[in-house]
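The residues making up each chain are set out below.
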Amino acid sequence: MLATPSILLPVKNAPAPSEDSLPEASPSVLLVDDDEVNLMVTALALRGRGFLVTQFSTGRAALGYLRTTVPDIVVLDALMPDLDGFETCERLRALPALEHVPVLMLTGLDDDASINRAYRAGATDFFVKTPQWSLLEGRLRYLLRASRTQQDLLRSRARLARALDLARMGSFDWHPLPGRWEGRLELSAEAYPVIGLAPGLTIGLRRLIRMVPRSDRHAVLSMLGALKNHHSVLATDVAIELPEGRRRVIHLEAEPDSTGASGSYTGVVQDVTDRRTAEDKIRHLANFDSLTGLPNRRQLLWRTERALEHARRQGHLCGLLLIDLDRFKVINDTLGHAAGDELLAEVAKRLRSCVRHSDQVTEAATDAGSTRAHRTLEAVGRLGGDEFVALLPEVATEQDAERVASRVLESMKAPIYVAGQECIVTASVGVALYPRDGLNMLDLMRNADVAMYSAKASGRNATAVYAPSLATSGRERLELETSLYKAVERQELVLYYQPKGDVREARVVGAEALMRWKRGGKLVPPGDFIPLAEEIGLILPMSQWALGEATRQVRAWQDRFGFAQSIAVNLPSRLFERADLVDHIRQSALGCGVPLDSIQLEITETGLMKGQQGVFPALHRLNDIGVRISIDDFGTGYSSLSYLTTLPISELKIDGSFVRDLGRTPQSEAVATAIIALARSLGLGVVAEGVETERQAQVLHRLGCHVMQGYLFSRPLPAEEFEGWATRVRLQSQPPWVVMADI
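Here is what the cut-offs are and how they apply
- Residues numbered from 1 in each chain as written.
- Predicted model: local features only at pLDDT ≥ 70, side-chain atom pairs only at ≥ 80, totals over all residues.
- Heavy atoms only, no water.
- Salt bridge = Lys/Arg side-chain N within 4 Å of Asp/Glu carboxyl O.
- Helix = DSSP H or I, 4+ residues; strand = E, 2+ residues; numbered from the N terminus.
- Buried < 20%, exposed > 50% of the residue type's maximum accessible area, 1.4 Å probe, protein only.
- Core = buried A, V, L, I, M, F, W, Y, C linked by side-chain atoms within 4.5 Å.
- Contact = heavy atoms within 4.5 Å.
- Axes fitted to C-alpha atoms, helices over the stretch in contact; angles between N-to-C directions.
- Parallel < 35°, antiparallel > 145°, perpendicular 65-115°, else oblique.
- Left-handed = near helix turned anticlockwise from the far one by under 90°.
- Expected span 1.5 Å × (residues − 1).
- Arc of directions from axis to C-beta.
- 1 Å grid on protein atoms, 1.4 Å probe; cavity = no way out; pocket = protein on both sides within 12 Å on 5 of 7 lines; lining within 4 Å.
- Points joined across faces, edges and corners; volume = space filled by probe spheres on them.

Visitor: Got a minute to help me understand the pattern of salt bridges in this structure?
Guide: Opposite charge on two side chains lets them pair, provided their charged atoms get close. Following the criterion strictly, the structure yields 40 salt bridges and no others. Notably, a salt bridge pairs aspartate 289 with arginine 382, separated by 3.1 Å at the nearest N-O pair. Highlighted residues: aspartate 289 in the loop between helix H9 (273-287) and helix H10 (297-314) and arginine 382 in strand E12 (residues 379-384), separated in sequence by 93 residues. Here aspartate 289 and arginine 382 have matching classes, each one buried. Here lysine 653 and glutamate 512 are joined by a salt bridge, their closest N and O atoms 3.0 Å apart. One end of the pair, lysine 653, is in strand E24 (residues 651-654); the other, glutamate 512, is in strand E19 (residues 507-519), with 141 residues separating them in the sequence. No difference in accessibility class separates lysine 653 from glutamate 512, as the two residues are buried.

This is the structure we're talking about:
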């Protein structure tokens, strides 16, 4: 007959007991005994000692209860009909959550066979039946404390296993035999997946060594030998190859066993593949250009320093080539930055093929004893923008470096297709050699840069080898550039004026203002500083100064000798594109009290066509306020004549290159005739520049051009001398140049 349980209390709802004391809630006990009297007496005794007892008289009834409730401890009578305590214990151990619940087997038997059978069935302990209930209580409380300790240990072990799994870490013990590699290698369960093997597989050290790539095995064996011979500590990363072919990086740490086992070692293994991959990626980003994949400035500096160290030790030459793309900015600005990046990537591929390029170089490799190890440093790198460097760790002669430079130029000849556009890219290469041109990278880079700019100055798409004379010219240019920045504030810029004469009416009809620079009491030729000012962006403020100074000079001459003509000022096209140009001219004229038509603006034909979109509207606005526009160097630019019919132009100036050969070649006379006829048919004035001889003046006069300027009339003069010259001409009834031109 089944007994009805007196108390039903699931253990999972009870608070966890502390380590040193019983929980506040009484422990729950499942008591099973087929003897009703013993069952009742034992239950009463345990309840009287603070236990919550649930009692059954059969094993089957107890198992039914245990399917829904887990007590703190189970007490089973060993000998019961139908289902005895041993079989009941075996079955309850198979139930979920009952694997670690303590089971105390009560028996009147004390033979070894019964005791062993109880343990085989899964009993935690056994207890011989006795009416001394305090002994039973003590045994139960001991088992409860042991159970709590075991549960804590299992939880800690589970947490540790989870942490090791997350960290991809496992442990091992190595017990080598004296004087031999063989021995016992014990791996923890967590260590097997770390090294890519099935759990529980018996494995020896020899098999693990075979998992190491052949190229690394000697180094690993050397480390293990040192570990074994010196009883030292090992901490290193080792690459292994998994059975399926993948490679994994394992961090290995080992130290002598602290338990005193002779020659034994304990340690950990950890899968650090992801970390090493991330470190390699960070290292690559720090040392290589993300766009081209070439070594960056930092990596180039490191390689060059190592190459120079080897060159000093071995006494050979080392070459550095600075490569700069010509007119890359035009492509970048025209096709866009994405196209520019695509072009740089293609250029990088071509440059890489010009040298024995090596991407991965280690400190150990370059410090190796081989006399040729430094050659692995050879590479092409990107400094930034469109600048590249080729490092040649060893060259025999200067000609070797020049041959590499020639290969670079040759590699650029084939067109590059970017953004659907065929582009031809050239490069300028500067060459510097160690030790002749510098003893460190900074000196070599500076001198290669000087040579590269010399190549650009000679027409681009060329190579130049550094020479001290190049540095001298470079320093002079730098000094000139620095002084030019200060020229305006120091009032070193002056205007010289070259008169325009009408040979038919024998009078001065105006002047052209020409900028000069008085530097250190000497005049700097315009060809030396005007192109430089355009290159460094100073031409705009200098032109604005010239405009204001010419306006002031008109007023001064009006007051002194009644000058009623205009002064022409040549302006760059970029100044016409400024929105404030019209206001600036208006304010200058009003401030000096002169009419707006006293200032004439000149723009070259090339400048006019280069900035059509910005210049054309400005010309119309200037014409609206009364400022006259002249086209300088007419006939030298590549343009359409249609703009002459739409733009408010008042005058064409025949370039001096056409005037120079007048009277000597029919071609020059034909061009001059055409320009004069074109101007006349459009109702425009025409002025001939660079007239230096009587013959030129006579031909121009005969062709119908009567206004001229040039050294035949006067060289450019300072303002004071121009005033005296103009006064003398006005007092003369017939100036000499009028007679010369009168045919």
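What follows picks up the thread again.
Visitor: Would you take a moment to explain the nonpolar core for this structure?
Guide: Nonpolar side chains tend to gather and get buried jointly when the protein is soluble and globular. Among the nonpolar cores identified, the biggest contains 84 residues, and Leu484, Phe576, Leu601, Leu608, Leu622 and Tyr643 are the most heavily contacted of them. Residue contributions to this core peak at nine residues, all from helix H18 (residues 539-561). Excluding its chain neighbours within four sequence positions, the residues that come into contact with leucine 484 are Trp517, Phe529, Leu532, Ala533, Ile536, Leu538 and Met542. Within the second largest apolar cluster, 34 residues are counted, among which are Ala390, Ala405, Val418 and Val465.

Visitor: Explanation requested: the packing of helix H25 (residues 666-681) against helix H26 (residues 694-703) in the structure shown.
Guide: Each pair of packed helices can be described by the angle between their axes along with the distance between the axes. Two numbers describe how H25 lies on H26: the axes approach to 10 Å, and their chain directions differ by 40 degrees. Relative to H26, H25 is oriented oblique. When you trace H25 past H26, the crossing you get is right-handed. Facing Glu669, Ala672, Thr673, Ile676 and Arg680 of H25, the residues of H26 in contact are Val699, Arg702 and Leu703.

Visitor: Just to check I follow, could you spell out helix H20 (residues 581-592) for this structure?
Guide: Side chains three or four residues apart in an α-helix point the same way, a direct result of the helix having 3.6 residues per turn. If you check H20, its first and last C-alpha atoms are 17 Å apart, about what 12 residues at 1.5 Å a residue would give, namely 16 Å. Of all the residues in H20, the buried ones are Leu581, Val582, Ile585, Ser588 and Ala589. Projected down its long axis, H20 shows its buried positions confined to an angular sector of 135 degrees, all on one face. For H20, the exposed residues lying more than 90 degrees away from the buried face are Gln587, Leu590 and Gly591. A positive phi of about 70 degrees marks glycine 593, the residue just after H20.

Visitor: I keep staring at empty space enclosed by the protein and nothing clicks. Help me out?
Guide: Space left empty within the atom packing is revealed by a probe, the size of a water molecule, rolled over the atoms. According to the stated counting rule, one finds four cavities of 30 Å³ or more in the structure shown. Taken as a whole, the largest cavity encloses approximately 350 Å³ of empty space. As for the largest cavity, its lining consists of 19 residues, of which Phe172, Leu205, Leu208, Leu252 and Val269 are closest to the centre. The set of elements that each furnish at least two residues to the lining of the largest cavity consists of strand E6 (169-176), strand E7 (183-187), helix H7 (205-211), helix H8 (214-230), strand E8 (234-241) and strand E9 (247-256).

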